[in-house]
Amino acid sequence: MLGFLKRPVVVKADINLNVVVLTAVALLSRLWQLAYPRAVVFDEVYYGQYISFYMKRIFFLDGSGPPFGHMLLALGGYLGGFDGNFLWNRIGAEYSSNVPVWSLRLLPALTGALLVPMAYQILLELGFSHCAATGAALLMLIENALITQSRLMLLESVLIFFNLLAVLSYLKFSNSQKQRPFSLSWWFWLTLTGVACSCAVGVKYVGVCTYLLVLTVASVHAWHLIGDRTLSHVRVLCHLLARAAALLVIPALMYLLFFYVHLILVYRSGPHDQIMSSAFQASLEGGLARITQGQPLEVAYGSQVTLKNVFGKPVPCWLHSHQSTYPMIYENGRGSSHQQQVTCYPFKDVNNWWIVKDPGRHQLVVSNPPRPVRHGDVVQLVHGMTTRFLNTHDVAAPLSPHSQEVSCYVDYNISMPSQNLWRLDIVNRESDTEVWKTILSEVRLVHVNTSAVLKLSGAHLPDWGFRQLEVVGEKLSRGYHESMVWNVEEHRYGKSQEQKERELELHSPAQMDVSRNLSFMARFLELQWRMLTVRSDDSEHKYSSSPLDWVTLDTSIAYWLHPRTSAQIHLLGNAVIWASAGLATLVYALLFLWYLLRRRRGIHDLPEDSWLRWALAGALCAGGWAVNYVPFFMMEKTLFLYHYLPALAFQILLLPAVLEHLGDRLCRSPLLRSLFSGLVVAWYSCACHVFNTLRPLTYGDKSLSPSELKALRWKDSWDILIRKH
């Protein structure tokens, strides 16, 4: 029974020393003096505030991408013991002692270092030689922009890591498919492909470009698999289901998981609450939840309510009125009704309260038992502080003459009767008898006399309207828009019939009876929609650039300048690598087109397996460059040089593949091969020289003289900072 103890347990392992050495050097290049500079560097000021929100469990919204990348950075802060207490308001600000700079920058540095061995493995999986694979890894190792970006608390290196991991995993899976389909390694690499794709999308939305590329290649391979007559129908079906589960279902579930964890972590009210709906805000601890938790759920006749516009643009605001009236004559000479102004006000105010009244009764209090208001009911809205009725009529609105003016009716004893009946239309109702609910119901108020809908126009009124937002009556025939939809945010059951007592009641906190919670899916869908539609700051930046500037490296970014010396960090690429990568992409495209045309004529320059390898390398490397670069031409946002780095990483993979192909096809004799190898070594030596020359700007650890800095300004568009003493 114990016989196995008589023999030693032997474990054999194949260790690729190339990978070990490359990984070690890559780690050294990315981790060396990682905590330097101990100051906020460029976009660290942007990501740092979100890390602080995570540490303090405060809700936030970032329209640049899903939360997975931010959570990874926050994990570094958590492991380093960061408490979130730092004011991220200025680039160059010195970090306080409680900020674990090394921990916060560790994950981007590790992912940046792992790009080197991954480049090696990808070239091997594509079927190229160890020499080409080593070349790709070495190019990734000495690319200055990739080093700079990976040594800071930024997300580009993390995004590139998951992009390349998705490609590498799929290639491993594809090669396993030829040998051992449905084996353990086959399942592992297929599943990892889906996980890596979802992580890439979870870091930044542009990760979806690489995901779609992998899906496209996988679809082409699956199409060929369907045509394989050696496989049974059941076998083919199993292949397709496995791919669908790993590449579609798992990424979708992972994407939901990112938001699930995010919403668990950031459960407290914060500065971004106002962008969200009342229901979402009420689900957060503190803030609106402190006010609305436990309010009466069903709106009844006599209820006192505040009505928030669901659209929330240009700013979140509430239906509002005050004693001031519309001017008799507007600046353009048009006349008004001179009725009491009704606006949308972007702040909490006692003048935001309205009373829901039954047109057939005089009472302004809730009866016992309460009579709920339902979809289709006709109501009147009475302004709480002035007791005037919400009204609209066939008078042009002040800033939107095609729409009707909305006012609170003032009886001037002239031939202008009040028109203050409104029909309740619950937009998100489940039945035609649904009750109007606090926070949950999204409603339209349709004017009975004119069929106009109460709408936020979004225009700011002049000084006579206190710069508040215009509210109009919009004809239903003009179509549906979210700015026509309102929801009850704060709600209490009115108890005071006398006006003075009611004013005191309106100033007092709401009574709380019932609590409510949004489901995860409801919060996820709303958060996703807000992230996709929130307006980012599109203003020009000193270092912004266009995609055309990136390929030729006609731009740079000054990331950091030492407060006393000329030491500085710049995002600058290795000019030799960038130019060579661009040229290799062009050469590949021309060669691919040439081979394709000749194959069409029946001339096969490459054996079938070499052609398939060449086409797959182009699909993943040249295709990876294209899908990560071309979409930026269609984006209306402020762009920077670092947006090009994911595309550049794919170009770097293509470069040694093209060089090896040219060497194999053109250099037939030993002499030509030796000459070609010598040229490649000389070219790589030039790339190393450029890396070493730009190294002080990559690491920022050396102060250069003004003459040395001027010597590094190889292009006039490079903004090298020179101090004037």
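Residues numbered from 1 in each chain as written. Predicted model: local features only at pLDDT ≥ 70, side-chain atom pairs only at ≥ 80, totals over all residues. Heavy atoms only, no water.

Using the following cut-off: UniProt positions are given in the numbering used here, feature names are shortened, and annotations may be inferred rather than shown by experiment.
The name an unreviewed UniProt entry gives the chain is Dolichyl-phosphate-mannose--protein mannosyltransferase, with Callorhinus ursinus as the organism. Turning to the chain, the UniProt record has this under Pathway (unreviewed entry): "Protein modification; protein glycosylation."

Brief notes about the pairing of strand β1 (residues 303-309)
Threshold: Partly exposed residues are those whose accessible area sits between 20% and 50% of the maximum for their type, while under 20% is buried and over 50% is exposed, using a 1.4 Å probe and protein chains only. Labels follow the DSSP assignment, with helices taken as runs of H or I lasting at least four residues and strands as runs of E lasting at least two, numbered in each case from the N terminus. Think of it this way: DSSP has to see at least two bridges between two strands before they count as a pair.
The buried fraction of β1 amounts to seven of the seven residues, a majority that puts the element mostly inside the structure. Residues Ser 303, Val 305, Leu 307 and Asn 309 of β1 are buried on one face, and the alternating residues Gln 304, Thr 306 and Lys 308, pointing to the opposite face, are buried as well. Judged from the six bridges that link them, β1 and strand β12 (residues 486-493) form a sheet pairing that is antiparallel. When the bridges of β12 are listed, Asn 309 appears paired with Trp 486. By the bridge criterion, three bridges tie β1 to strand β4 (residues 353-357) in an arrangement that is antiparallel. Bridging from a neighbouring strand, Gln 304 pairs with Ile 355 of β4.

Considering empty space enclosed by the protein
Counted only if it meets this: A cavity here means a set of 1 Å grid points, computed over protein atoms only, where a 1.4 Å probe fits but cannot escape. A pocket is an open set with protein on both sides within 12 Å along at least 5 of 7 lines, and lining residues have an atom within 4 Å of a point. Grid points are joined across faces, edges and corners, and a volume is the space filled by probe spheres set on the points. Residues are grouped as follows: nonpolar covers Ala, Val, Leu, Ile, Met, Phe, Trp, Tyr, Cys and Pro; charged covers Asp, Glu, Lys and Arg; every other residue, Gly included, is treated as polar.
Counted according to the given criterion, the structure contains five cavities of 30 Å³ or more. There is about 70 Å³ of room inside the largest cavity. Around the largest cavity, the lining residues are Glu 156, Leu 159, Lys 204, Val 206, Cys 209, Val 627, Asn 628, Pro 631, Phe 632, Tyr 642, His 643 and Pro 646. Looking at the lining of the largest cavity, the elements that each hand over two or more residues are α7 (156-179) and α17 (608-629). Tallied by class, residues from the lining of the largest cavity come to eight nonpolar, two polar and two charged.

What to know about the layout of surface pockets
The space that makes up the second largest pocket amounts to roughly 770 Å³. Looking at the second largest pocket, it is lined by 23 residues, and the ones nearest its centre are Ser 174, Lys 178, His 221, Leu 612 and Leu 616. Only α7, α9 (207-226) and α17 provide two or more residues apiece to the lining of the second largest pocket. Tallying contributions element by element places α17 first for the lining of the second largest pocket, with eight residues. Across the lining of the second largest pocket, the residue classes break down as 12 nonpolar, six polar and five charged.

Overview of the side chain of His 393
Threshold: Any pair of residues with heavy atoms lying within 4.5 Å of one another is described as a contacting pair.
Relative to the elements of secondary structure, His 393 occurs in strand β6 (residues 390-396). Look at His 393 and you get buried, because its relative accessible area is 4%. Ignoring anything within four residues of it in the chain, the contact list for His 393 reads Ser 337, Gln 339, Gln 404, Glu 405, Ser 407, Met 416 and Gln 419.

What to know about the packing of aromatic side chains
The condition that has to hold: Two rings from Phe, Tyr or Trp (for Trp, the six-membered ring) form a pair when their centres are within 6.5 Å of each other. A pair whose planes differ by under 30 degrees is stacked, one over 60 is edge-to-face, and the rest are tilted.
Applying the stated rule across the entire model yields 45 aromatic pairs. Where Phe 82 meets Trp 88, the ring centres are 6.4 Å apart and the plane angle is 90°; that geometry is what we call edge-to-face. One exposure class covers both Phe 82 and Trp 88, and it is buried. With a centroid separation of 5.2 Å and 80° between ring planes, the pair formed by Tyr 629 and Phe 633 is classed as edge-to-face.

Thoughts on the nonpolar core
Filter applied, for reference: Buried residues of nine kinds, namely Ala, Val, Leu, Ile, Met, Phe, Trp, Tyr and Cys, make up a nonpolar core once their side-chain atoms join them within 4.5 Å.
Judged by nonpolar contacts, the single largest core of 153 residues is most densely connected at Met 140, Phe 162, Leu 164, Leu 527, Ile 557, Tyr 559 and Leu 653. If we skip the residues at most four places from it in the chain, Leu 164 touches Leu 115, Met 118, Ile 122, Met 140, Phe 650 and Leu 653. In this structure, Ile 426, Leu 454, Leu 469 and Trp 486 belong to the second largest nonpolar core, which totals 28 residues.

Some points on α9
The line we're drawing: Between the first and last residue of a helix there are one fewer steps than residues, each counted as 1.5 Å, and that sum is the expected span.
Between its first and last C-alpha, α9 extends 29 Å over 20 residues, near the 28 Å set by a 1.5 Å rise per residue. Listed as buried for α9 are Gly 207, Cys 209, Thr 210, Tyr 211, Leu 213, Val 214, Leu 215, Val 217, Ala 218, Ala 222 and Leu 225. Of the surrounding elements, those touching the buried residues of α9 are α7, α8 (184-203), α10 (233-265), α17 and α18 (645-666).

Things to note about the packing of α7 against α18
What counts, and what does not: Working convention: axes come from line fits to C-alpha atoms, limited for helices to the stretch in contact. Angles between N-to-C directions cover 0 to 180 degrees. Geometric relationships in this document are graded by angle, where less than 35 degrees denotes roughly parallel, more than 145 denotes roughly antiparallel, 65 to 115 denotes roughly perpendicular, and other angles denote oblique. Handedness of a crossing is defined here by the sense of rotation of the near helix relative to the far one, left-handed for an anticlockwise turn of less than a right angle and right-handed for a clockwise turn.
Viewed as axis vectors pointing N to C, α7 and α18 meet at an angle of 40°, and their least axial separation amounts to 9 Å. Between α7 and α18, the angle is such that the two are oblique. Judged by the twist between their axes, the crossing of α7 over α18 is right-handed. Packed against α7, whose contacting residues are Leu 159, Ile 160, Asn 163, Leu 164 and Val 167, the element α18 presents Leu 645, Pro 646, Ala 649, Phe 650 and Leu 653 at the interface. Its residues placed into classes, the contact of α7 with α18 shows nine nonpolar, one polar and no charged.

Structural notes on the domain arrangement of the chain
How we decide: How far each domain reaches was decided by an automatic or database domain assignment.
Split by domain assignment, the chain resolves into domain 1 (27-261 + 553-712) and domain 2 (296-509). Between domain 1 and domain 2, the C-alpha centre-to-centre distance is 54 Å.

Description of unusual backbone geometry
Residue Tyr 36 is joined to Pro 37 through a cis peptide bond whose omega torsion reads -5°. Mapped onto the fold, Pro 37 is located in the loop between α1 (17-31) and α2 (44-55). With an omega of 0°, the peptide bond between Asn 368 and Pro 369 qualifies as cis. Position of Pro 369 relative to the elements: it lies in the loop between β4 and β5 (378-383). The phi dihedral of Gln 33 falls on the positive side, at around 50°, and the residue is not glycine. Topologically, Gln 33 is positioned in the loop between α1 and α2. Unusually for a residue other than glycine, Leu 553 sits at a positive phi of about 55°. One can find Leu 553 in the loop between α15 (547-551) and β13 (557-561). Among the residues examined, Leu 553 registers a relative accessible area of 3% and is labelled buried.

Description of the state of the cysteines
Put simply, the rule reads: The definition used for a disulfide is geometric: two cysteine sulfur atoms within 2.5 Å.
Summed over the entire model, instances satisfying the criterion amount to one disulfide. The side chain of Cys 317 participates in a disulfide bridge whose partner is Cys 344; the two sulfur atoms lie 2.2 Å from each other. Taking the torsion about the sulfur-sulfur bond, which here is approximately 90°, the covalent link between Cys 317 and Cys 344 counts as right-handed. Of this pair, Cys 317 sits in the loop between β1 and β2 (318-325) while Cys 344 sits in strand β3 (residues 340-345), and the two are 27 residues apart along the sequence.

Describing the packing of α7 against α8
For the pair α7 and α8, interaxial distance at closest approach is 8 Å and the crossing angle is 160°. It follows from the interaxial angle that α7 and α8 lie roughly antiparallel. Seen along the crossing, α7 lies across α8 with a hand that is left-handed. Here Val 158, Leu 159, Phe 162, Asn 163, Leu 165, Ala 166, Ser 169, Tyr 170, Lys 172, Phe 173, Ser 176 and Gln 177 of α7 come into contact with α8, specifically with Ser 185, Trp 186, Trp 189, Leu 190, Leu 192, Thr 193, Ala 196, Cys 197, Cys 199, Ala 200 and Val 203. A class-by-class count of the residues in the contact of α7 with α8 yields 16 nonpolar, six polar and one charged.

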